[in-house]
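Examination of the molecular architecture
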Amino acid sequence: MTTSPQRIIVVSNRGPFSFSLRDGEPRALRGAGGLVTAISAVARQQDVLWISCALGKGDRDWLARVGNGVHTVEDMKIRLVTPNPAQYHAYYNVISNPLLWFVQHQLYDTPRAPVLDETVWKAWEDGYASVNRQLAQAVADSLTELDGEVVVMPQDYHLYLLPRYLRERVGDSVRIQSFLHIPFPGPGAWRVLPLSLRRDLLDAMLHADRLGFQTERDTRRFLQTCVDTLPEIQVIEPWRRLSYQGREIDARAYPISVDVDYLEQRLTSDEVQQYVQQFRAHYQNRKLILRTDRVEPSKNILRGLIAYRNLLLHYPQYQRQVEMLMLLVPSRTEVTEYRTYLRDIMALAGEINATLGDGNWEPVRVLLGNNYDRAIAALSLYDVLLVNPLADGMNLVAKEGAVLNRCDGVLILSEEAGAAEELGEDSLLVSPYDVYGTREALRAALEMPAAERRRRARRLADQVRQNDIHRWFSRQLNDVQPEP
Ligand code: F6P
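These numbers come from a predicted model, not from an experiment.

Regarding the overall build of the chain
- On a plain count of helices and strands, the chain comes out with 18 helices and 18 strands.
- In terms of overall dimensions, the chain is globule-like: its C-alpha atoms have a radius of gyration of 23 Å, near the 23 Å expected for 484 residues.
- The principal-axis extent of the C-alpha atoms belonging to the chain is close to 65 × 50 × 45 Å.
- In the chain, which comprises 484 residues, the proportion classed as buried is 58%.
- Accessible surface for the chain amounts to roughly 19,800 Å². Of this, 47% is attributable to carbon and sulfur atoms.
- Of the side-chain charges in the chain, 57 are positive and 62 negative, and the distance between the mean point of each set is 3 Å.

Comments concerning the pairing of strand β12 (residues 247-253)
- The buried fraction of β12 is high, at five of seven residues.
- As judged from the four bridges shared by strand β9 (residues 210-213) and β12, these two strands associate in the parallel manner. Residue pairing for β12: Gly 212 is matched across the bridge by Arg 252.
- With four bridges joining them, strand β11 (residues 241-244) and β12 adopt antiparallel strand pairing. Considered in β12, the bridge of Leu 242 is made with Ile 249.
- What sits between the antiparallel neighbours β11 and β12 is a turn of two residues, in which Gln 245 has the positive phi angle 50 degrees.

Some details on the site of the ligand
- In the vicinity of the ligand, the residues found are Arg 14, Gly 33, Gly 34, Leu 35, Tyr 92, Trp 101, Asp 156, His 181, Ile 182, Arg 294 and Arg 332.
- The backbone of Gly 34 places a nitrogen or oxygen atom 2.9 Å from an oxygen atom of the ligand.
- Here Asp 156 contributes a side-chain N or O atom positioned 2.7 Å from an oxygen atom of the ligand.
- Only α1 (34-43) and α3 (85-104) provide two or more residues apiece to the shell around the ligand.
- Class assignment for the residues of the shell around the ligand results in four nonpolar, three polar and four charged.

Some points on the sheet that holds β12
- The ten strands are arranged β5-β6-β4-β1-β7-β8-β9-β12-β11-β10 in an open sheet whose pairing can be described as mixed. Edge positions in the sheet fall to β5 (71-73) and β10 (233-237), since each of these pairs with one other strand and no more. Strand after strand, the sheet turns through a mean of 25 degrees between neighbouring axes, direction not considered.
- Pairing analysis gives four bridges linking strand β1 (residues 7-11) to strand β4 (residues 48-53), with the strands arranged parallel. By the bridge assignment, Val 11 is partnered in β4 with Ile 51.
- Most of the contacts of α1 go to β4, to which it runs at about 155 degrees, and overall it touches β1, β4 and β6 (76-81).

Notes on the nonpolar core
- Ranked by size, the top nonpolar core spans 68 residues in total, and within it Tyr 160, Leu 206 and Phe 222 carry the most contacts.
- Ranked by residues supplied to this core, first place goes to helix α4 (residues 118-143) with twelve residues.
- A domain-level breakdown of this core finds at least three residues from each of domain 1 (7-256 + 470-480) and domain 2 (260-466).
- Aside from chain neighbours lying at most four places away, what touches Phe 222 is Phe 184, Leu 202, Met 205, Leu 206, Leu 211, Phe 213, Leu 242 and Ala 251.
- Of all hydrophobic cores here, the second largest spans 67 residues; its members include Leu 35, Leu 80, Val 258 and Leu 367.

Considerations on the domain arrangement of the chain
- Segmentation of the chain into domains returns domain 1 (7-256 + 470-480) and domain 2 (260-466).
- Between domain 1 and domain 2, the residue contacts involve 25 residues of the former and 25 residues of the latter.
- Together domain 1 and domain 2 conceal approximately 1,800 Å² of surface at their shared face, both sides included; 59% is due to carbon and sulfur atoms.
- The interface formed by domain 1 and domain 2 includes one salt bridge.
- Note that Glu 416 is salt-bridged to Arg 217, the shortest N-O span being 3.2 Å.
- In this assembly, domain 1 and domain 2 are joined by eight residue pairs in polar contact (both at pLDDT 80 or more).
- Counting only elements with at least two residues in the side of domain 1 that touches domain 2, the list comes to α1, α3 and α8 (216-229).
- Looking at which element gives the most residues to the side of domain 1 that touches domain 2, the answer is α3, with seven residues.

A look at unusual backbone geometry
- Residue Pro 98 is bonded to the preceding Asn 97 through a cis peptide linkage, with omega at 20 degrees.
- Its location among the elements puts Pro 98 in helix α3.
- One non-glycine residue with positive phi stands out, namely Trp 239, at about 60 degrees.
- Mapped onto the elements, Trp 239 comes out in the loop between β10 and β11.
- The partly exposed category is assigned to Trp 239, whose relative accessible area is 40%.
- In this structure, Asp 408 takes a positive phi of about 50 degrees despite not being glycine.

A short note on the packing of aromatic side chains
- Per the counting criterion, the structure on display carries 17 aromatic pairs.
- Plain terms: the ring middles of Tyr 88 and Tyr 91 are 5.3 Å apart, the flat faces sit at 55 degrees to each other, and that makes the pair tilted. With Tyr 88 and Tyr 91 both in helix α3 and three residues apart, this pair spans about one turn of that helix.
- Here a set of aromatic residues connected by ring pairs shows up, and it is made of Tyr 88, Tyr 91, Tyr 92, Trp 124 and Tyr 128.
- A cation sits over an aromatic face here: Arg 164 above Tyr 165, 5.8 Å from the ring centre.

What counts and what doesn't
Residues numbered from 1 in each chain as written. Predicted model: local features only at pLDDT ≥ 70, side-chain atom pairs only at ≥ 80, totals over all residues. Heavy atoms only, no water. Helix = DSSP H or I, 4+ residues; strand = E, 2+ residues; numbered from the N terminus. Rg over C-alpha atoms; globule rule 2.2 N^0.38 Å. Buried < 20%, exposed > 50% of the residue type's maximum accessible area, 1.4 Å probe, protein only. Areas by Shrake-Rupley, 256 points an atom, 1.4 Å probe, with all protein chains shown as cover. Lys, Arg positive; Asp, Glu negative; His and termini not counted. Charge placed at Lys NZ, Arg CZ, Asp CG, Glu CD. Pairing = 2+ DSSP bridges. Near = heavy atom within 4 Å. Polar contact = N/O pair within 3.5 Å; in protein donor to acceptor, adjacent residues only side chain to side chain. Nonpolar A, V, L, I, M, F, W, Y, C, P; charged D, E, K, R; others polar. Axes fitted to C-alpha atoms, helices over the stretch in contact; angles between N-to-C directions. Contact = heavy atoms within 4.5 Å. Core = buried A, V, L, I, M, F, W, Y, C linked by side-chain atoms within 4.5 Å. Domains from an automatic or database assignment. Buried area = accessible area lost by both parts, 1.4 Å probe. Salt bridge = Lys/Arg side-chain N within 4 Å of Asp/Glu carboxyl O. Phe/Tyr/Trp six-rings, centres within 6.5 Å; stacked < 30°, edge-to-face > 60°. Lys NZ or Arg CZ within 6 Å of the ring centre and 35° of its normal.

Written out as structure tokens, the structure reads:
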């Protein structure tokens, strides 16, 4: 991995740990989610200060006990800011999720398009903008403790406004290199938001020096949206560089990845191997079709279930020969859509089991909870991995599966997942809306000759190994210097 002479400050909503006090003693638990897993892998090896929000009471209690400022926890330097709970709620549960998340994953249909009433506008200013200002201030405060050139790396859609607030505080004394983990849709999708809000958001983003996206497609759509929305903007190099208000800004794709060494070493751990034994015993006479996701409308879990039910109905020879295992992690349960979605999933899975299952066979098995070791075990054993999101920045499950699987499993991958740019050729690509196509892809995967399965699985694994998380980070650091 390339080491770098710069000081690095990563800023994100969620930090690497969730804290609590047990019997008065501070405890740190590893945070969950793609962003945290990815950045944790690099933050341990680079000299990184990671600034994030205190998310709940546990974090706030911890902070009250240890005090503000920079702390070193498990080799990572971290700093927490503490928005008050009302501000945080407005920023996270009203603006970031669902509004921005739903726009960017194109989850709104016309009858259910967002209603931007006064509460939403207030949440934008008092919540979203306010938390962005607080994080920008924490970065500015931290600069006084660092010498040398500093690169600030804001992560994701929670922090679109941060680059502008940071420039207001520290001018051009830092380089700002943002990265967006979720899809950036084209100008049409953004038009459900009012022009003034779209301009505010893009203008703030363009205070960075470089913006990183998951795919070439996201990068193009960002530039198109800028041209559609902002006056006086010019694309000076197609799909690469803009000029805006006297500054030049780069946009580039840096497809995120997984920590291959960590995953392979974790797979051999006793904890994971215990799950491997249990799953092996259960699936010895059955093919395993796996999905593992947050409970998230963009993951398209319902259409996946419908395709699977149709497979069992249309090709009854698979009944009792296959099982779908769904490892689901509840997520954002404060947001109504997420709660309803979990209810709908459980109802459909129950219906499939009631109508097609029998005393010896449950067609769908749902395991709820955030258990990474269990997921690693299942990923090593699948015959088919179903990854069919309606939209997804990258989808790290597809990449984790590629390096962990030991059964020449077949990847069924949505063409709307960012991972399709790198893994599309060796997976079975499906349109996420096409349940007929997904049913046929399930069948093709179950029937695929062993030699072809092996060939595809090897190429998928090689692709991810050669482009792991350390490469993702070092490519961004290598690009930090302005081009001549
Ligand atoms: O990039 C999207 C993302 O932030 C991922 O990092 C992560 O998988 C997921 O969303 C987690 O979201 P939250 O922090 O809201 O639980």
